[in-house]
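Notes for the structure review
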Amino acid sequence: MAAGRQIPLAIALLFGTAFTAAGLAILGLQLGFVPSGPGAARAQPVMLWLAGLIFTGAGLGLLCSRLIPKLAAFFGVMAFCAFVGLFNWIAFGPGERDFRRGSTMAGGNVASSQQVKVSESEGRLVFGLFAGALDALILFGCYRVLRTGRGTPPKREL
């Protein structure tokens, strides 16, 4: 990445710290280090683990981005894989899902908002299509890394 295109250090530190703290708070909640009331976390444990890894990986990636780019790339891949895993779990994981679709209509000074329950199969289909596209992106990335050995296309001579 060119020096002029890097994330400014202050932004990387600010958002890296915030994302890392949010991720560690979620993971701490799962491990019992962060106190919570009964029923505070209504999501399934695997979803909270993945959400914690997404925020922690993104935050650590931002914090390492200026000093250790390869470590930042590792944390970025970790966050992306957890993100993809979250969509796969919602689409294909066991258990019931409660999907809702919201719509808002506004005109002049009046606004109306409505939420409608969506069937579980329709919700899983939407998440499954997006998860499948992200899975294909990961497989394509793995193919390129295996094909070239580095993840960058080979240089062709003219």
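Residues numbered from 1 in each chain as written. Predicted model: local features only at pLDDT ≥ 70, side-chain atom pairs only at ≥ 80, totals over all residues. Heavy atoms only, no water.

**Some thoughts on helix 4 (residues 120-148)**
The α-helix winds at 3.6 residues per turn, so residues separated by three or four positions along the chain end up facing the same way. With 29 residues, helix 4 extends 42 Å from end C-alpha to end C-alpha; this agrees with the ideal 42 Å at 1.5 Å per step. Among all positions in helix 4, only Gly 123, Arg 124, Gly 128, Ala 131, Leu 134 and Thr 148 are buried. Those residues of helix 4 that are buried lie in contact with helix 3 (69-92), strand 1 (99-107) and strand 2 (110-118). Positive phi shows up at Gly 149, right after helix 4, with a value of about 85°. (Helix = DSSP H or I, 4+ residues; strand = E, 2+ residues; numbered from the N terminus. Expected span 1.5 Å × (residues − 1). Buried < 20%, exposed > 50% of the residue type's maximum accessible area, 1.4 Å probe, protein only. Contact = heavy atoms within 4.5 Å.)

**Quick look at the side chain of Arg 97**
Checked against the element boundaries, Arg 97 lands in the loop between helix 3 and strand 1. Comment: no salt bridge for buried Arg 97; closest opposite-charge side chain is Glu 120, at 5.8 Å. For Arg 97, the side chain forms a polar contact with the main-chain oxygen of Pro 94, separated by 3.0 Å. Discounting chain neighbours no more than four positions away, the residues touching Arg 97 are Gln 44, Trp 89, Ile 90, Glu 120 and Arg 124. (Lys, Arg positive; Asp, Glu negative; His and termini not counted. Salt bridge = Lys/Arg side-chain N within 4 Å of Asp/Glu carboxyl O. Polar contact = N/O pair within 3.5 Å; in protein donor to acceptor, adjacent residues only side chain to side chain.)

**A word on the nonpolar core**
By size, the foremost hydrophobic cluster in this structure holds 7 residues: Leu 50, Ile 54, Ala 82, Leu 86, Ile 90, Phe 99 and Val 118. Of all the elements in the fold, those that place two or more residues in this core are helix 2 (45-64) and helix 3. For this core, the element with the highest residue contribution is helix 3, accounting for 3 residues. When sequence neighbours within four positions are dropped, the list of residues in contact with Leu 86 reads Met 47, Leu 50 and Ile 54. (Core = buried A, V, L, I, M, F, W, Y, C linked by side-chain atoms within 4.5 Å.)

**Details of the packing of aromatic side chains**
Aromatic rings in a pair are described by how distant their centres are and how their planes are angled relative to each other. Going through the model one piece at a time under the given rule, you end up with 7 aromatic pairs. Here the aromatic rings of Phe 19 and Phe 55 are separated by 6.1 Å at their centres, their planes lie at 70°, and the arrangement is edge-to-face. Linking Phe 19 in helix 1 (residues 9-31) with Phe 55 in helix 2, this pair joins segments that are 36 residues apart in sequence. Phe 55 sits in the partly exposed class, given a relative accessible area of 34%. Linked through ring pairs, Phe 83, Phe 87, Phe 99, Phe 127 and Phe 130 together constitute an aromatic cluster. (Phe/Tyr/Trp six-rings, centres within 6.5 Å; stacked < 30°, edge-to-face > 60°.)

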